[in-house]
Amino acid sequence: MLAKLISIDGDRPIVLTKDVTVVGRKRGVCDVYIDRSSVSKLHCVIVKTDGLLFIRDLGSTNGTKVNGQRVTRGALLPGDELAFANARFRVYLGPDEPEPERRSDRTEMMTSFPDSDMAHDDSFDDEAVAGLGSDSDVRLIGDD
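Residues numbered from 1 in each chain as written. Predicted model: local features only at pLDDT ≥ 70, side-chain atom pairs only at ≥ 80, totals over all residues. Heavy atoms only, no water.

Asks: Sorry if this is basic, but what is going on with the pattern of salt bridges here?
Replies: Pairing between side chains of opposite charge can happen when the charged atoms of each approach one another. Per the counting criterion, the structure on display carries five salt bridges. Residues Arg36 and Asp9 are paired through a salt bridge, measuring 3.5 Å at the closest nitrogen-oxygen approach. In this pair, Arg36 sits in the loop between strand E4 (32-33) and strand E5 (44-49) while Asp9 sits in the loop between strand E1 (2-7) and strand E2 (14-15), placing the two residues 27 residues apart along the sequence. By relative accessible area, Asp9 is classed as partly exposed at 38%. Of the charged contacts, one joins Glu81 and Arg88 as a salt bridge, the two residues approaching to 3.5 Å between their closest N and O atoms. Members of the salt-bridge network, linked through shared partners, are Asp9, Asp11, Arg36, Glu81 and Arg88. (Salt bridge = Lys/Arg side-chain N within 4 Å of Asp/Glu carboxyl O. Helix = DSSP H or I, 4+ residues; strand = E, 2+ residues; numbered from the N terminus. Buried < 20%, exposed > 50% of the residue type's maximum accessible area, 1.4 Å probe, protein only.)

Asks: Hey, could you run me through the packing of aromatic side chains in this one?
Replies: The geometry of an aromatic ring pair is captured by the separation of the ring centres together with the interplanar angle, meaning the angle of the planes. Inspection of every chain in the model, using the stated rule, returns one aromatic pair. Residues Phe84 and Phe89 carry aromatic rings whose centres are separated by 5.7 Å and whose planes lie at 50 degrees to one another, so their mutual orientation is tilted. With a relative accessible area of 0%, Phe84 lands in the buried category. A cation over a ring is seen here: Lys4 above Tyr92, with NZ or CZ 6.0 Å from the ring centre. For the cation-ring pair, Arg27 lies above Tyr33, with the distance from its terminal atom to the ring centre recorded as 4.1 Å. (Phe/Tyr/Trp six-rings, centres within 6.5 Å; stacked < 30°, edge-to-face > 60°. Lys NZ or Arg CZ within 6 Å of the ring centre and 35° of its normal.)

Asks: Is there a simple way to think about a nonpolar patch on the surface in this case?
Replies: On the surface, a nonpolar cluster with roughly 240 Å² of combined accessible area is contributed by Val29, Leu42 and Leu58. One can find Leu58 in the loop between strand E6 (52-57) and strand E7 (64-66). Leu58 sits in the partly exposed class, given a relative accessible area of 40%. (Patch = residues over 30% accessible without salt bridge, like charges linked within 9 Å, V, L, I, M, F, W, Y side chains within 5 Å. Areas by Shrake-Rupley, 256 points an atom, 1.4 Å probe, with all protein chains shown as cover.)

Asks: Just checking my understanding: could you explain the sheet that holds strand E9 (residues 73-76) for this structure?
Replies: Consider a sheet: its strands pair through backbone hydrogen bonds, and that pairing is either parallel or antiparallel. With mixed pairing, the five strands of this open sheet are ordered in space as E4-E3-E5-E6-E9. A single partner strand is all that each edge strand has here, and the edge strands are E4 and E9. (Pairing = 2+ DSSP bridges.)

Asks: Would you explain the sheet that holds E1 in this entry?
Replies: A sheet is described by the order of its strands in space; here six strands give the open sequence E2-E1-E11-E10-E7-E8, paired in antiparallel fashion. Edge positions in the sheet fall to E2 and strand E8 (69-71), since each has one partner strand and no second. Here four bridges tie strand E10 (residues 81-84) to strand E11 (residues 87-94), and the two strands are oriented antiparallel to one another. Within E11, the position partnered with Glu81 by the bridge is Arg90.

Structure follows, in structure tokens:
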């Protein structure tokens, strides 16, 4: 499951990759660092489990809000507005983004030829090859 917090204020989105994510303004301790003085050093925890997100406020000074209501804990649904003090986000939950296709290291095998007459013809038309011409120093030598 892909879980994102999409900033309503125009900041970059936050992808929640861990099952337990600590949000706050204490660099080096928090998984999601929000550089705003209104956000507490250890603001809240977001838990991702069974396709759901749960939130728990960690006694923050300015609170955690879901859809405008201050909460101490609760479940988050897709489209909910989540605010850490004055930092506002929209909750996105959805399927994982597909991984980019990898090119195979193996050679692709052709099972048929476009023109069936060419499939059984192993010879070259000497006159057609001679008429191609080339400025190269390499010359074809006949079997005479």
